[in-house]
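Inside the fold
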Amino acid sequence: MNRSQLPLFPESASSIAPEVDALFYAWTAVSIFFTALIAILILYFIVRYRRKQEDDVGQPERAPVWLEIGWSIIPLVIALAMFAWGTQVFVKIYRPPSDAVVYYGVGKQWMWKFQHPTGQREINTLHVPVGQSIQMKLTSEDVIHSFFVPAFRVKQDALPGRYTSIWFRATKPGTYHLFCAEYCGGEHSKMIGSVIVLEPRDYEAWLAGGQGGQTMTLSGAELFQQLACQTCHGENGSGAGMAGMAARAPRLAGLYNTEVTLADGRKVIADESYIRESILNPMAKVTAGWQPIMPTMQGQVTEEQLTQLIAYVRSLSQQEVK
Ligand code: CUA
């Protein structure tokens, strides 16, 4: 049987994959070493200290101090080294580089819906350019799903009602498996797809050939008008009142990822999850100094439209923090 029929390891196709693999191999090697050491010592002691005569009685043994200290300190150092190494890789996996481009993914029984920053949408297939850092912001329309691309060594749950994020940088063109890695109902096992990594030129061509053609930010700006958000938040979320009247809602420009003080004194960061909640359930976290007068948009916007609105609010901030 050749490797493609029974691969021991998924292909390695992202910048983080070699690091995850190195960690995995090191852990495996350490585990095998100690398993073998213990097994061999057991066998050796069985023979070495076996009962030789009928009336043999065991003698109390005391291990020398250097041995006691050694087998405490050495495993401690190994365990701490593994912890430090693992943490370092973990942090890398979850902290996107500053040049990462944001894509959105929505899980739904039983499919993945993706939205490119340029507006193109896909189902169960995600086209991405090679060499570009991509941050996936994930959410779900119903239950918990999990975005899993083995070749990239990334897996992140998609939770209803909030946004989670994972990033990757594909290192070679190709088609890679995409799985849902969280049991999510009857057709969980069919919730599969592919990530297609293209050369930048091919990706541009793909974008040009697709429908959409309107960026997420622009779609969000249109929705902002349609839902009449500017009536209270001001044109472009400027917070300026309409027609010379006092503004009735907080300024949205510059809001993204900043700290907001709530009416009850709590402080929250205006991240995606906060913005989403404030659109759907405005009474949950009212900003200090403002009347709780915003109507809910529940039922008027889909999860995908919410991501467009959020992309728009994010675009209103000068120094965009990703
Ligand atoms: Cu979605 Cu399993």
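Quick look at the structure, then.

The rules behind each value
- Just so you know, the residues in each chain are numbered from 1, in the order the chain's sequence is written.
- Note on the predicted model: pLDDT of at least 70 is required for a residue's local features to be given, and 80 or more for side-chain atom pairs to be given and counted; whole-chain, interface and lining totals, by contrast, use all residues.
- Note that water and hydrogens are dropped before the side-chain values are worked out from all heavy atoms of the structure.
- Strands are runs of DSSP state E lasting at least 2 residues, helices are runs of H or I lasting at least 4, and numbering of each runs from the N terminus.
- Atoms counted for the radius of gyration: C-alpha only. Globule rule: 2.2 Å times residue count to the power 0.38.
- Between two residues, a contact is recorded if the distance between any of their heavy atoms is within 4.5 Å.
- Any pair of Phe, Tyr and Trp rings, taking the six-membered ring for Trp, is counted once the centres come within 6.5 Å. Such a pair is stacked with planes under 30 degrees apart, edge-to-face with planes over 60 apart, and tilted for the rest.
- Only protein chains enter the area calculation, which uses a 1.4 Å probe; residues under 20% of their type maximum are buried, those over 50% are exposed, and those in between are partly exposed.
- Note on geometry: a ring has a charge over it if NZ (lysine) or CZ (arginine) is within 6 Å of the ring centre and within 35 degrees of the ring normal.
- Basic side-chain nitrogens of Lys or Arg form a salt bridge, by our definition, when they fall within 4 Å of a carboxyl oxygen of Asp or Glu.
- What qualifies as a polar contact is a pair of N or O atoms within 3.5 Å, subject to a donor-acceptor requirement within protein and to the restriction that residues adjacent in sequence count only when both atoms come from side chains.
- Here, strands pair whenever DSSP counts at least two bridges between them.
- The axes used here are C-alpha line fits, helices contributing only the stretch in contact, and every angle between their N-to-C directions lies in the interval 0 to 180 degrees.
- Put simply, buried Ala, Val, Leu, Ile, Met, Phe, Trp, Tyr and Cys residues joined by side-chain atoms within 4.5 Å make one nonpolar core.

**A look at the overall build of the chain**
If you tally the helices and strands in the chain, you get 7 helices and 12 strands. Taking 322 residues into account, the globule formula puts the C-alpha radius of gyration at 20 Å, and the chain, at 27 Å, lies well above it. Projected onto the principal axes, the alpha-carbon positions of the chain cover approximately 105 × 55 × 40 Å. Relative to all contacts within the chain whose residues are 6 or more apart in sequence, the contacts with residues 24 or more apart total 63%.

**What about the packing of aromatic side chains?**
Applying the stated rule across the entire model yields 16 aromatic pairs. Residues Phe9 and Phe24 carry aromatic rings whose centres are separated by 5.5 Å and whose planes lie at 65° to one another, so their mutual orientation is edge-to-face. Taken together, the residues Phe9 in the segment before helix H1 (17-48) and Phe24 in helix H1 connect sequence positions 15 residues apart. Given the relative accessible area of 44%, Phe24 is considered partly exposed. Note on Phe24 and Tyr25: the rings are 6.1 Å apart at their centroids and 70° apart in plane angle, and the pair reads as edge-to-face. Judged by relative accessible area, which is 48%, Tyr25 ranks as partly exposed. Among the aromatic residues, those joined into a cluster by ring pairs are Phe9, Phe24 and Tyr25. Positioned above the aromatic ring of Phe148 is the side chain of Lys155, whose terminal nitrogen or guanidinium carbon lies 5.0 Å from the ring centre.

**Some words on the pattern of salt bridges**
Side-chain pairing between opposite charges can occur once the charged atoms of the two side chains come close. Summed over all chains, the structure comprises 12 salt bridges. Close ionic contact of Arg121 with Glu304 constitutes a salt bridge, the shortest N to O distance being 3.6 Å. Of the two residues, Arg121 sits in strand S3 (residues 121-123) while Glu304 sits in helix H7 (residues 303-315), which places them 183 residues apart along the sequence. Note on Arg121: relative accessible area 44%, which makes it partly exposed. Members of the salt-bridge network, linked through shared partners, are Lys108, Lys113, Arg121, Glu141 and Glu304.

**Topic: the side chain of His145**
When you line up the elements, His145 lands in strand S6 (residues 145-149). On the accessibility criterion, His145 (0% relative accessible area) is buried. Looking at His145, its side chain comes within polar contact range of the side chain of Asp142, at 2.8 Å. Excluding anything up to four places from it in sequence, His145 contacts Gly107, Lys108, Gln109, Trp112, Ser140, Gln156, Asp157, Ala158, Cys180, Glu182, Cys184 and Met191.

**Quick word on helix H6 (residues 272-280)**
By the criterion of burial, H6 is predominantly enclosed, with 8 of the 9 residues buried. Listed in full, the buried residues belonging to H6 are Glu272, Ser273, Tyr274, Ile275, Arg276, Ser278, Ile279 and Leu280. Structurally, H6 contributes buried residues whose contacts are with strand S1 (101-108), strand S5 (133-140), strand S11 (259-261), strand S12 (267-269) and H7.

**Examining the sheet that holds strand S2 (residues 111-115)**
If you walk across this open sheet you meet the 5 strands as S3-S2-S1-S5-S8, and the pairing is mixed. Both outer strands of the open sheet, S3 and strand S8 (164-169), are each paired with one neighbouring strand and no more. Within this sheet the neighbouring strands show an average axis-to-axis angle of 25°, counted without direction. Pairing analysis gives 7 bridges linking S1 to S5, with the strands arranged parallel. Of the residues in S5, the one forming a bridge with Gly107 is Ser140.

**Considerations on the nonpolar core**
Counting residues in each nonpolar core, the largest one holds 34 residues, and the members touching the most others are Trp112, Met136, Phe147, Phe152 and Phe168. If sequence neighbours within four positions are ignored, Phe152 has contacts with Ala13, Ser14, Ile16, Phe168, Ala170, Tyr176, Val195 and Val197.

**Here's the deal with unusual backbone geometry**
Note the cis peptide between Gln109 and Trp110, where omega equals -5°. Here Trp110 lies in the loop between S1 and S2. Of note in this structure, Asn124 is not a glycine but carries a positive phi near 65°. By the secondary structure assignment, Asn124 is in the loop between S3 and strand S4 (125-129). Of note, Asn257 is a non-glycine position whose phi angle comes to about 65°, a positive value. Here Asn257 shows up in the loop between helix H5 (230-233) and S11.

**Some points on the sheet that holds strand S9 (residues 174-180)**
The 5 strands are arranged S4-S10-S9-S6-S7 in an open sheet whose pairing can be described as mixed. Edge positions in the sheet fall to S4 and strand S7 (154-158), since each of these pairs with one other strand and no more. Strand-to-strand twist of the sheet, defined as the mean angle between neighbouring strand axes without regard to direction, takes the value 25°.

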